[in-house]
Each structure stands twice: as C-alpha cells, then as structure tokens.
Amino acid sequence: MKKLILIFGLVLSLFLLQSGQSFAFVQQKDSTTVSDDIQFTEIGSAADSAGNAALKKDTAKKDTTHKEVAKTGSERKLVQPGHQTEQEKTFWDTFIQGLVGGFIAFLMPCIFPMVPLTVSYFTKRAGSRQKGIGQALIYGISIIIIYVAFGLLITIVFGSTKLNELSSSGTFNFAFFILLVVFAISFFGAFEITLPSSFVNKIDAKADNSKGLGGIFFMAASLALVSFSCTGPIIGTLLVQASSKGDILAPAIGMFGFALALALPFTLSAIFPGFLSSMPKSGGWLNSVKVCLGFLELALAMKFLSAADLVWHWNWFDREIFLSLWIVIFTLMGMYILGKIKFSHDSDVPFVSVPRLFFAVFSFSFAIYLVPGLWGAPVNILSGIAPPLNTQDFILGGNTGGPSQGSSDFPAVVKYNDVLHPPHGFNAFFDLDEGLAYAKKVNKPILIDFTGHACVNCRKMEDKVWIDPKVGHLIKDEYVLIQLYVDERSVKMPAEKVHYSKILRTTTDDLGRWNGDFQASNYNSNSQPFYVLGGYDLVPLVAPQGAIFDAEQFAAYLQSGLDKFKASKK
C-alpha cells in the first residue's frame, strides 16, 4: 500500500504542477521573458539614438503612437516592478517540476531495481562502508553534473532568442505535441526509446576499466544512458516545459532538480542502509506507474496542439474537443488502474487493492468534473491549458457574460477581428491607433494588454480573474481594452510601419513583431501578460504590471489607474 500511495502521489503531483501552477505563485512571469543578451536603454536618452531614429522614421510615415510615448519618456522612467522576484519564482517553479520529475523517473522500471545492485557494488568495491559512502556521494554528484550539462547544452544549441520563441511559435508547439504523443506511446509499451547500443557499450566499458573518480563518473553516465528508455520521455517533457518559459537558465535548472531527485536515493541508500531495506520490492506496479504517466503525457500533449491551433488560426481544435479528449483519457486511466484495460507487458490484477480503488476514484471524478465544461463551465483548474472560452461553440444559457450596456456604441467591426477575438464577454481593439481614437471619443482611460496566443498566464488571467464581477465591471465599463498580440504572424503590417527593431533584432513586418517592439521600446518589458493603464498620451497612470492572480488585487490595481485618470481631468 505504501508503494502505491508514494507512486501515484508523485505522478499526480507532476500533473498538478503542470495544470495548476497558479496555485503556487501569486505572480509568475510567462512565456517570453527578456533574454539576457537584450539590453534596454532609457527612452529619450542619448544611448537610445538608434531607437529614436527609428521612431522618427515611423512618425514621418503617420505612425503617431510611438512619438507620443517617446515625447514623454524622458519625463517618467518606466520600469517593470518586481522583475527579479518574478524571475526567481519562475526558476523555483522549474526546479520543483524537475524535482518531481526526477522522483517519478526513479520509480521507473529501468532505474528502481538498480538501486540495491549499485549500492552493493560500491560497498564491495570500496572495501569499507566509509569509502562506499564517499563513492556513492561522488556517484550522485556525477549524475547531477551530467544532467545539468545536458540542460546547458540545450541552451547553447538553441540560444536565448530561440528559447523565447518556443512558447509562441506554432511550429515548435506542434513539434512538442508530436514529441509528447511519441513519449506517451513509448510508455504504453509499443516501443522503447533507446540510444545506439554501440555508444552505450563504450561508456559501460569505460566504467568497468576505469578506476577512481573516472570509473564512478562513467558509472553514472552508464545509468543515464541505459535508463534512457524510461527517463527520456520525462526529460523531454521537462525540457519542453522549461524551454517554453523563455528563461535562458531554465533548462539547466530543471535538469538540476531532476538529477538531484534521481541521485538522492542512491546516495541515501549507501549512507543509511535502513533506507534501502524500507523501500518496496520491484514488481508489476512499476509498469503501472509508467503507463499512468503515459496517460498524463498524452493529456499534456493536447495543450501544445491547442497552442498551435490558436497561433495558426486553424479554428478546429476548440474547447469542446480538448475537454472531450481529456475526459476520455482520464476515464481510460481509471479503467486501467482498476485492471479493466491491460497492455501486453502488464501483470494480472487478480483483485483491486484499496489504494488502486482510491486513485481510480480520483481519475473518474476528475473526468466527471470536466464534463460541465462541454457546456461552458469555467473548469478553472485547466485555466491556461484548455483553449479559451471564446472557442466554445455552445455555451449553456447563452452569452450571460456579455459586454455591458455601456458599450452599446462599440464598433460592430474592429480592425483584425477576422483573425483575433476578445475574451468571452468583453469588447477589445487589436490595433493601437484605433483603440486610442475610440478612447478619446468616449473619454476613458485605456487598458493595454500585451498578450499572446500561446501565453498560459494570459489565459489564466482571463479565465480566472477577469470573470470576477468587480474586475469585469472595471474593464468593460471604465476602460477601453486594447489587446496587442505579440505572436500574431498572419497579419502583415503596412509598409509605413515596417522598420528594423534593434531590440528584437528583426523587422516589424507583422503585427506580432510590431507590438513586441512597441512594448519593449516604450515599456522596457518583453513578457506577457503585461498590463499598461494609460491615458491618451500612452504614458502609464500607474506602474505597469504582469499577471496578478488575485482578483481583489487586480481590481484594486485597475481602480488605482482609474482614480489617477479622473484626477488628471479635474
């Protein structure tokens, strides 16, 4: 019983970390963070001569918005508050995901049975328990070095700029979807992902022939290579998640957490022999963990397919299809736990143990919890993972969260609304000039929402915070909402707005790059979501903010901007 509670607890922890990260942190930076190799300069300063030249070129061609911000930029320094704190929280999030992934990898059939053999080998080879403990420590450190080096290699190969594009690129999201489906099929037992045997044999021979620290290091390398068929999908999933955060060190930090969790049991077993004797025996339960993890990999893959659908505007993988697949996946997982579904390599389940029953109840209950979402229920636990509510074809009760009465004069058609859509129940502009002109007409402040199709925290804010009545009232009735998508590639910009962005190191030839350059140039930020409460001059009324997952705090933030706007009109 202890082993099943431990196993499925870790598996479910990994799932909950993927699907509910907002429960852990109040504020978390998302997707496209500023790269280490990007240097921001204060707008209007002498160091910003190249940027000012680009802005003057644009304003000469009727691009007025950059001019208005640049004109006042020297009067008010714009700095995103809490930037370092949010980045540290993102790193902690990545580390914890890696740690949980490492503990789950330890319970895979390729690793768990090797613990007593490895510890016994150290004891016999060293000749004494004290030396055996020292060699086990070196073995654990070697595992950490190997996996951290692998994480750094990912950063070197892709580079910081490419990592920033991972979460907002349709191609990468679709590739991740295929990759996770392959991992899931592997966990189901259709095939094993293995490295070339010649390479594995060479490393293994090095471990046998080398003595001292070199031999121990190659033993750790052999473990990493031999166990790749089990750990490869877990490592791949962690690297996908870490890379999509956009932070250059995220892959290495994720691998550090993974390696630490993987190395601890080997080291502790050598130091404390009682730890080894208290561990559950190997058996068919190890494969059950592997298959259940395959179901979770398959469910997680849907998130990346949804992101690709939104970025490429396929408009077919909507919320109902996503939820239907998740319902089926978790129903099948519950049936598997009860032994009603059996793969070729599974052991017989002659009876259902109490832990199996409880985990099956959890799986079936979660599937039933998702069912109301097919008719428009919020399903808050999937906020940021499931497609947005505006992709829902049918909502029970109709458009109950529709725009307020105060927006009756809102234009029936706005620019780019053929490809871009506001959150369910809200009105929004997608062009800065058009939204600014409307704000002047109705004499309201503007809420600029720098967002993205594949931005997880953007969807969490819309699905969990914006639906709060107080927050919804302020956005709908007191502000003019302007959503600027930084990853929109299908809308091409007119020639007079195309210029080279020294910050983004590319031309602003599409709407996403133009919006991204505007955000970085004028607000010293390149992360989403990013909210700017401004007047007609586009200068922030209060300090811009990132995600605030507390509805009361976000409502207070909106109210503070509104109060500043009203005070300026007196």
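One structure accompanies this document, and this report is about it. The residue count restarts for each chain, going from 1 along the sequence in the order it is written. Residues qualify for local features only when their pLDDT is at least 70, as the model is predicted, and side-chain atom pairs are given and counted only at 80 or more; totals for whole chains, interfaces and linings, by contrast, use all residues. For side-chain calculations, the full set of non-hydrogen atoms in the structure is used, while hydrogens and water are omitted.

Let us now look at the packing of helix H14 (residues 319–337) against helix H15 (residues 354–370). Every angle, taken between N-to-C directions, lies between 0 and 180 degrees, and every axis is a line fitted to C-alpha atoms, over only the stretch in contact when it is a helix. The secondary structure listing takes helices from DSSP runs of H or I that are at least 4 residues long and strands from runs of E that are at least 2 residues long, numbered from the N terminus. The interhelical angle for the contact between H14 and H15, taken along N-to-C directions, is 165°, at an axis separation of 8 Å. Judged by the inter-axis angle, H14 sits roughly antiparallel to H15. The two elements H14 and H15 cross, and the hand of that crossing is left-handed. Between H14, through Leu 323, Trp 326, Ile 327, Phe 330, Thr 331, Met 333, Gly 334, Met 335, Tyr 336 and Ile 337, and H15, the contact on the second element is made entirely by Arg 356, Phe 359, Ala 360, Ser 363, Phe 364, Phe 366, Ala 367 and Leu 370. Note that Gly is not counted as nonpolar here; it falls among the polar residues with everything else outside the nonpolar set of Ala, Val, Leu, Ile, Met, Phe, Trp, Tyr, Cys and Pro and the charged set of Asp, Glu, Lys and Arg. Taken together, the residues that form the contact of H14 with H15 break down as 14 nonpolar, three polar and one charged. Here the angle decides the label: under 35 degrees means roughly parallel, over 145 means roughly antiparallel, 65 to 115 means roughly perpendicular, and every other value means oblique. Here is the rule for handedness: rotate from the far helix to the near one, and if that takes an anticlockwise turn smaller than a right angle the crossing is left-handed, while a clockwise turn gives right-handed. A contact between two residues is defined here by any heavy atoms of the two lying within 4.5 Å.

Now for the packing of aromatic side chains. Any two rings among Phe, Tyr and Trp, with Trp reduced to its six-membered ring, count as a pair given centres within 6.5 Å; such a pair is stacked if its planes are under 30 degrees apart, edge-to-face if over 60, and tilted if neither. Counted by the stated rule, this structure contains 36 aromatic pairs. Residues Phe 362 and Phe 366 carry aromatic rings whose centres are separated by 6.5 Å and whose planes lie at 10° to one another, so their mutual orientation is stacked. Of this pair, Phe 362 and Phe 366 both sit in helix H15, four residues apart, which is roughly one turn of that helix. Remark: exposure states derive from per-residue accessible area (1.4 Å probe, protein chains only) relative to the maximum for the residue type, with buried under 20%, exposed over 50%, and partly exposed in between. Given the relative accessible area of 31%, Phe 362 is considered partly exposed. For Phe 366, a relative accessible area of 6% puts it in the buried group. When the ring of Phe 450 is compared with that of Phe 518, the centres are 6.2 Å apart and the planes differ by 35°; the resulting orientation is tilted. Of this pair, Phe 450 sits in strand S1 (residues 446–451) while Phe 518 sits in helix H19 (residues 511–523), and the two are 68 residues apart along the sequence. The same class applies to Phe 450 and to Phe 518, which are both buried. Counting every residue linked through ring pairs, the aromatic cluster contains Phe 174, Phe 177, Trp 312, Trp 314, Trp 316, Phe 317, Phe 322, Trp 326, Phe 330, Phe 362, Phe 366 and Tyr 369.

Examined against the element boundaries, Gln 519 turns out to sit in helix H19. Along the backbone, Gln 519 and Val 532 are 13 residues apart, and their C-alpha atoms lie at a distance of 9.7 Å. Those residues in contact with Gln 519, other than ones at most four positions away along the chain, are Phe 450, Val 486, Asn 524, Ser 525, Asn 526, Ser 527, Gln 528 and Phe 530. One polar contact links Gln 519 to Ser 525, side chain to side chain, over a distance of 3.4 Å. Here a polar contact is recorded for every N or O atom pair within 3.5 Å, except that within protein the pair must consist of a potential hydrogen donor and a potential acceptor, and residues adjacent in sequence are included only if both atoms are side-chain atoms.

One can find Lys 497 in the loop between strand S2 (480–485) and strand S3 (500–501). Overall, the relative accessible area of 10% leaves Lys 497 in the buried class. For Lys 497, the side chain forms a polar contact with the side chain of Asp 433, separated by 3.1 Å.

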